[in-house]
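# Structure at a glance
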Amino acid sequence: MYRRNWGCRVHEITLAGLRAIVLENELLRVTVLADKGGDVVEFCHKPRDLDFAWLAPAGLRDPRDVAGGAADDAALFHDQYEGGWQEVFPNGGAPSTYRGAALAQHGEVAGLRWDAVIVEDDPGAVAVRLTVRTRRLPFRLAKTFRLTSGEPTLTIEEELHNESGVDLDAMWGHHIVFGAPFLRPGARIRMPEGVHVMPHETAINPPERRVGEAGPWPVPDGVTDLSVVPEPGAPSDIVYLTGFTDGWYEVADALRVEWDASVLPYVWMWQELGAWRDYPWWGRAYVVGLEPFSSLPTNGLAEAVENGSALRVPAGARRSLWLRATVLEEQ
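Since we're looking at a predicted model, the values are computed, not measured.

## Examining the pattern of salt bridges
Using the criterion set out here, one finds 19 salt bridges in the structure. The residue Glu120 makes a salt bridge to Arg146 at a minimum N-O spacing of 3.2 Å. Placement of the pair is Glu120 in strand β9 (residues 115–122) and Arg146 in strand β11 (residues 139–148), with a sequence separation of 26 residues. Residue Glu120 is classed as partly exposed on the basis of its relative accessible area, which comes to 25%. Residue classification places Arg146 among the partly exposed residues on the basis of a relative accessible area of 25%.

See the structure below:
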């Protein structure tokens, strides 16, 4: 295809040995890893040179480089986690076994290569379509990333297909994590009216946690304001946000994320603020994850099936999903 250096453009690169697709317009540059999960590893607002995709301390690694790693279904995800934005399907959180299929941490698609085809390429708009088939469950997942000229918005449209003759369950989510230099102490997180906070059943880094009581957003326990990002060293925690009639949130008056709340009715709010001093963070992570999800908790698919929150996909059925991430104008 003809290469441009104006308007919208799209091109392929190799990043850490992996095939990646770069989409650009006048305002945004977005890099997507086709060879690793379809991860968004760059979401840069050009006028401010501000990248909303957090880069983990270990950086990007080729997931095929597994020498020296112990066999561990949780470490499999952590050892190749570069930060940014992952698709999570069909298992959310901890390793789990579903109908005889052993599923790893956040497995399967975040660790797979996706096929990628540029489907639109002109100065007014660019788009790339990624597809993948899971290996342990019979699903096919496709997603299209699109930028339009002059708009500070990344649009993602997805389709999930159960290719079997069996009704199946799944967990579907987007592991969106924010960190430095974008995320700073005192930054504000906005949610719609009516959102409710549910704590995880136990502390994820005992004994401390930020909040252990259910209640309305943003101060479920009457003391801790979850809408304000705390100073480094605050306790690690995860809570679940429910009650989304409209799926959206805003972070630091700078980024708005929207999604189809009829498919992803929950947000997992993961807070790792430097308190975790052992593997895998070693005190080096200062991040907040705001992750739209179909199901809960972060204990894996088997528990989501048991509590009735798993996404049901009938035999041969298709489910669609959309998300948008928009950079807000400076206040």
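## Remarks on the nonpolar core
Counting 97 residues, the largest nonpolar core has Phe43, Phe178, Leu241 and Leu290 as its most contacted members. When residues of this core are assigned to their parent elements, the largest contribution, five residues, is made by strand β21 (residues 266–272). Ignoring any residue separated from it by four or fewer positions in sequence, one finds Leu290 in contact with Ile176, Phe178, Ile189, Met191, Tyr249, Val251, Val267, Trp268 and Met269.

## Topic: the layout of surface pockets
Estimated volume of the second largest pocket: approximately 430 Å³. Along its surface, the second largest pocket is lined by 21 residues, and His78, Gln105, Ile204, Trp270 and Thr298 are the ones closest to its centre. Secondary-structure elements contributing two or more residues to the lining of the second largest pocket are α1 (75–78) and β21. Of the residues contributing to the lining of the second largest pocket, the split by class is eleven nonpolar, nine polar and one charged.

## A look at the state of the cysteines
If you walk through the whole model with that rule in mind, you get zero disulfides. The cysteine Cys8 is free of any disulfide, with Cys44 supplying the nearest cysteine sulfur at 16 Å. The exposure class of Cys44 is buried, given its relative accessible area of 3%.

## Thoughts on the sheet that holds strand β19 (residues 247–251)
With respect to topology, eight strands assemble into an open sheet ordered β9-β10-β11-β12-β24-β20-β19-β15, the strand pairing being antiparallel. Of all strands in the sheet, those bounded by a partner on one side alone are β9 and β15 (189–190). In this sheet, strand β24 (residues 318–327) lies alongside strand β12 (residues 153–162) in antiparallel orientation, the contact comprising nine bridges. Residue Glu157 lies in a different strand from β24, and its bridge partner there is Trp322.

## Here we look at the pairing of strand β2 (residues 18–24)
Of all the seven residues making up β2, six are buried; the element is thus mostly covered by neighbouring parts of the structure. Pairing analysis gives seven bridges linking strand β1 (residues 9–15) to β2, with the strands arranged antiparallel. Bridging from a neighbouring strand, Glu12 pairs with Ile21 of β2. Taken together, the five bridges between β2 and strand β3 (residues 28–33) define a ladder with antiparallel strand orientation. Looking across to β3, one finds that Val22 is bridged to Thr31. Connecting β2 to the next strand, β3, in antiparallel fashion are three residues.

Thresholds, definitions, all that
- Residues numbered from 1 in each chain as written.
- Predicted model: local features only at pLDDT ≥ 70, side-chain atom pairs only at ≥ 80, totals over all residues.
- Heavy atoms only, no water.
- Salt bridge = Lys/Arg side-chain N within 4 Å of Asp/Glu carboxyl O.
- Helix = DSSP H or I, 4+ residues; strand = E, 2+ residues; numbered from the N terminus.
- Buried < 20%, exposed > 50% of the residue type's maximum accessible area, 1.4 Å probe, protein only.
- Core = buried A, V, L, I, M, F, W, Y, C linked by side-chain atoms within 4.5 Å.
- Contact = heavy atoms within 4.5 Å.
- 1 Å grid on protein atoms, 1.4 Å probe; cavity = no way out; pocket = protein on both sides within 12 Å on 5 of 7 lines; lining within 4 Å.
- Points joined across faces, edges and corners; volume = space filled by probe spheres on them.
- Nonpolar A, V, L, I, M, F, W, Y, C, P; charged D, E, K, R; others polar.
- Disulfide = S-S within 2.5 Å.
- Pairing = 2+ DSSP bridges.

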